[in-house]
Structure formats: structure tokens, C-alpha cells
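Summary of structural features
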Amino acid sequence: KFESMYPYPSTATHFAGGIWYSFPSHGACDASPTGAADCTYSYSWPPEDISLAELQGSTKHSFWGDTDDDDDSANAARVQAAADLFKQKFPKSEDLDTPPCDFNYNKFWS
């Protein structure tokens with residue numbers, strides 16, 4: 001829903017603590033990211049991931065359900081459900097810290 005707010009949403013998203021990530025195709029690197037234009041992120045293969053089908057489980061209901069997107073507590077429950085499923089599926093996966101963001105909107109767009 002944030003296509004018109006590229007490169008990231010500039011309004012409240014109703015996902016407390018939510019972080020907007022952007023992975024440019026030219027920024028992938030094999031080593032630890034350096035921040036250079038051609039090395040802003042790295043990843044492992046095969047990826048550790050979960051799917052919406054797994055989140056829905058056998059309930060046959062949409063993961064997003066019929067609740068309002070602006071329902072902060074319902075959104076928090078969705079995020080927790082995804083985190084719990086990921087931990088269940090990948091119990092040995094390392095817990096990663098949230099990287100600091102030093103993006104300066106005014107400097108970038110000036």
C-alpha cells in the first residue's frame with residue numbers, strides 16, 4: 001500500500017516498530033556488506049523462510065483475516081504469529097539485531 005510513498009512510507013503504518021527494508025538488485029554481495037553501492041546486503045541460500053500458506057495453516061482463513069489494517073493489536077498478533085512460526089520452523093536460526101539506520105531523508109532528497 002506504500003507504492004506512492006517510495007522509497008518508504010512517511011506515515012504511520014500501524015505496525016509498531018516496523019522497519020522498511022529495500023534490497024536493490026545491484027547491492028547484493030557475497031561477503032559482509034561494506035555499504036558501497038555494489039555491496040549493501042548479503043543473504044544465504046537456500047533462504048530460511050515461511051509462507052502465507054504456512055501461516056494460515058489448516059484454518060482456511062486468510063492470514064490477514066477480516067480485520068481492519070489499522071488495528072494495531074491485530075497487526076501485532078500477525079507479526080508475533082510470523083515470528084513464532086519462523087522460530088518453530090528454524091529453531092537454530094540466529095536471532096539478528098536490528099541494524100542501525102543512518103538514512104537522512106532531507107540530505108538524500110536535497
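Going by the structure above, here's the rest.
Residues numbered from 1 in each chain as written. Predicted model: local features only at pLDDT ≥ 70, side-chain atom pairs only at ≥ 80, totals over all residues. Heavy atoms only, no water.

1. Looking at the overall build of the protein
- Within the protein, the regular secondary structure consists of 3 helices and 0 strands.
- Taken from the N to the C terminus, the helices and strands of the protein come in the order α-α-α.
- Counting all 110 residues of the protein, 12% fall into the buried class.
- In the protein, of all internal contacts separated by at least 6 residues, the share reaching a separation of at least 24 is 38%.
- As displayed, the protein has an accessible area near 9300 Å², and 55% of this comes from carbon and sulfur atoms. (Helix = DSSP H or I, 4+ residues; strand = E, 2+ residues; numbered from the N terminus. Buried < 20%, exposed > 50% of the residue type's maximum accessible area, 1.4 Å probe, protein only. Contact = heavy atoms within 4.5 Å. Areas by Shrake-Rupley, 256 points an atom, 1.4 Å probe, with all protein chains shown as cover.)

2. Structural notes on the side chain of Arg78
- One can find Arg78 in helix α2 (residues 72–89).
- Side chain to side chain, Arg78 and Asn75 meet in a polar contact 2.3 Å long. (Polar contact = N/O pair within 3.5 Å; in protein donor to acceptor, adjacent residues only side chain to side chain.)

3. Quick notes on the state of the cysteines
- Evaluated as defined, the whole model comprises 1 disulfide.
- The partner cysteine of Cys29 in its disulfide is Cys39, sulfur to sulfur 2.1 Å. Judged by the sign of its S-S torsion, about 70°, the bond between Cys29 and Cys39 is right-handed. Taken together, the positions of Cys29 in the segment before α1 (52–56) and Cys39 in the segment before α1 put the pair 10 residues apart, joining distant regions of the chain.
- Assessed through its relative accessible area of 8%, Cys39 is described here as buried. (Disulfide = S-S within 2.5 Å.)

4. Examining a nonpolar patch on the surface
- On the surface, a nonpolar cluster with roughly 360 Å² of combined accessible area is contributed by Phe15, Leu52, Trp64 and Val79.
- Along the polypeptide, Trp64 turns up in the loop between α1 and α2.
- For Trp64, a relative accessible area of 40% puts it in the partly exposed group. (Patch = residues over 30% accessible without salt bridge, like charges linked within 9 Å, V, L, I, M, F, W, Y side chains within 5 Å. Salt bridge = Lys/Arg side-chain N within 4 Å of Asp/Glu carboxyl O.)

5. As for the side chain of Asn75
- Its place among the elements puts Asn75 in helix α2.
- From its side chain, Asn75 meets the backbone oxygen of His14 in a polar contact 2.9 Å long.
- Those residues in contact with Asn75, other than ones at most four positions away along the chain, are His14, Phe15 and Asp69.

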